[in-house]
Amino acid sequence: MQRLFFFFVFIFSFQQNNAQTISKEFESSILGEKRQLKIQIPRDYDNTDKRYPIIVVFDGDYLFEIVASNVDYRSYWEDIPEAIVIGINQVNSRDGDIHYSEQNSLPIKSGADFFEFVGMELIPYIEKVYRTEKFKVAVGHGLTANFINYFLLKEVPLFQSYISLSPDLAPDIPAYLSERLSTINTKAFYYLATSSNDIKKIKTETEALNTSLSAIDNKNLLKSFDSFDGPSHYSLPAHAIPKALESIFFVFQPISKKEYKETILKLDTSPVDYLIEKYAMIEDLFGIEKTILINDFKAIATAIRKTEKFEYYEPLGKLARKEHPDTLLGHYYLGRFYEETGKPKKAMKTYQSAYTLEEIGGITKDHVLELSEQIKVDFGF
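My aim in this report is to walk through the structure given alongside it, one point at a time.

Conventions we followed
- Residues numbered from 1 in each chain as written.
- Predicted model: local features only at pLDDT ≥ 70, side-chain atom pairs only at ≥ 80, totals over all residues.
- Heavy atoms only, no water.
- Pairing = 2+ DSSP bridges.
- Helix = DSSP H or I, 4+ residues; strand = E, 2+ residues; numbered from the N terminus.
- Axes fitted to C-alpha atoms, helices over the stretch in contact; angles between N-to-C directions.
- Parallel < 35°, antiparallel > 145°, perpendicular 65-115°, else oblique.
- Left-handed = near helix turned anticlockwise from the far one by under 90°.
- Contact = heavy atoms within 4.5 Å.
- Nonpolar A, V, L, I, M, F, W, Y, C, P; charged D, E, K, R; others polar.
- Buried < 20%, exposed > 50% of the residue type's maximum accessible area, 1.4 Å probe, protein only.
- Arc of directions from axis to C-beta.
- Phe/Tyr/Trp six-rings, centres within 6.5 Å; stacked < 30°, edge-to-face > 60°.
- Salt bridge = Lys/Arg side-chain N within 4 Å of Asp/Glu carboxyl O.

All right, on to the pairing of strand E2 (residues 33-41) then. Bridging between strand E1 (residues 20-28) and E2 involves nine bridges; their strand directions are antiparallel. When the bridges of E2 are listed, threonine 21 appears paired with glutamine 40. From the end of E1 to the start of E2, which pair antiparallel, there are four residues, and glycine 32 there has a positive phi angle of about 70°. Both E2 and strand E4 (residues 84-88) contribute to a ladder of four bridges, which runs antiparallel. When the bridges of E4 are listed, lysine 38 appears paired with glycine 87.

Two measures define how a pair of helices packs: the angle their axes make with one another and the distance between the axes. The contact between helix H11 (residues 271-286) and helix H12 (residues 294-307) brings their axes to 10 Å, and the two run at 160°. Put simply, H11 runs roughly antiparallel to H12. Crossing geometry of H11 relative to H12 is assigned as right-handed. Between H11, through Pro271, Val272, Leu275, Lys278 and Tyr279, and H12, the contact on the second element is made entirely by Asp296, Phe297, Ile300 and Ile304. When grouped by side-chain class, the residues that make up the contact of H11 with H12 number seven nonpolar, no polar and two charged.

Turning next to helix H13 (residues 313-323). Among all positions of H13, only Tyr313, Leu316, Gly317, Leu319 and Ala320 are buried. Considered in projection along H13, the buried side chains sweep an arc of 165° and stay on one side of the axis. Looking at the buried residues of H13, the elements they touch are H11, H12 and helix H14 (329-340).

The next point concerns the packing of aromatic side chains. Counting across every chain of the model gives 26 aromatic pairs. Ring plane angle 35° and centroid distance 5.7 Å describe the contact between tyrosine 45 and tyrosine 52, whose orientation is recorded as tilted. On the basis of relative accessibility, which here comes to 9%, the residue tyrosine 45 falls in the buried class. Since its relative accessible area comes to 1%, tyrosine 52 is described here as buried. Both rings, one in phenylalanine 147 and one in tyrosine 150, keep their centres 5.5 Å apart while their planes meet at 85°; by these two values the pair is edge-to-face.

Another aspect to go through is unusual backbone geometry. Positive phi, close to 55°, is recorded for aspartate 59, a residue that is not glycine. Relative to the assigned elements, aspartate 59 resides in the loop between strand E3 (52-57) and helix H2 (60-76). What makes aspartate 59 buried here is its relative accessible area of 1%. Phi angles above zero are rare outside glycine, and serine 105 is one such case at about 65°. Using a relative accessible area of 1% as the deciding quantity, one classes serine 105 as buried.

On to the packing of H12 against H14, then. At their nearest, the axes of H12 and H14 sit 12 Å apart, and the two run at 5° to each other. With respect to H14, the element H12 is oriented roughly parallel. Here Ile294, Phe297, Lys298, Ala301 and Arg305 of H12 lie close against H14, whose contacting residues are Leu329, Tyr333 and Arg336. Residue composition of the contact of H12 with H14, by class: five nonpolar, no polar and three charged.

Moving on, we get to the environment of glutamate 339. Relative to the elements of secondary structure, glutamate 339 occurs in helix H14. Relative accessible area serves as the criterion here: at 32%, glutamate 339 is assigned to the partly exposed category. It is 9.4 Å that separates the C-alpha atoms of glutamate 339 and phenylalanine 310, two residues lying 29 residues apart in sequence. Setting aside anything within four residues of it in sequence, one finds glutamate 339 in contact with Ala347, Tyr351 and Ile375.

The next thing to look at is the pattern of salt bridges. One pass over the structure, following the stated rule, counts 19 salt bridges. Among the salt bridges present, the one from glutamate 65 reaches lysine 38, with a minimum N-O distance of 2.9 Å. Here glutamate 65 is found in helix H2, whereas its partner lysine 38 is found in strand E2, with 27 residues between them in sequence. Looking at glutamate 65, the relative accessible area reads 41%, which means it is partly exposed.

Printed below as a string of structure tokens:
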């Protein structure tokens, strides 16, 4: 009996801490029918006033769970931002939804209606009901991977990011995309994937599209391509979704060992400016004002120590006081600045003043007091 009790406690706790998934019937006046939606809300949605990017998953009847679980997992570890994920069930309507003209490859009839439904009904509804950011991602597979491109062809694209998995392309779409992405004047993320065991025609056309997009020189286009070894057309999404999210939200991720070694250590300019610019880019691209992570502060501090450019401890300390004002992080870095630039008395006083603040990131009150005492011993203050 006791085991059973703890089992139900565990299950209840898991459900409470997990992202919430809602099933909803959406009445569409454009389509003249109800559509089944799945909506995943971030874990902390009810406990904060944050706003979230939107990820719209076409073929939601089978693709939603793959995307939603990856978003929940990766956002838990702060590799990507938390997001609202919407899956559109198309199991009984797919052929009509993706209908396009044989003359120009653009949506017509039921395909045009579905296109308008997404842009004029679904997205406005989500933005009205939920707290959302401007950044939106479209995910499609096969025929719907072709369909999401139509939103990119608009004068003002509905989505800023496109995950195109093994796309079954309409004849004119590669030419439309090359022309559009060559001249687009807003940031656009485009992820494309195929595999060695993909449907032969789709694999060939996807590789050709990648070649075409790779030739585009436009700083507003951020593109990525993966060709997986092994997966079939139908198992590809399980392999590609994690890579796609990682690619799109690369700048959002904490500073990695690779970024540290290959970029930060080789900077000729201020590593602190690099850190500031990284987070300014996150806000600019995703509309998210993200507090600078402690581990990112520590990475920059390590680079300062390793390169012996100790003058950068001062702006790092000021930045830390701004980002984490109730902690001793800023005082610690400022103390390091004074100590390394020949101002021991100032360093000692700065360390001492940190004692009243909160410990953070492995930097303790005892440690800053030890640093202060060591200066007192070394210099006889």
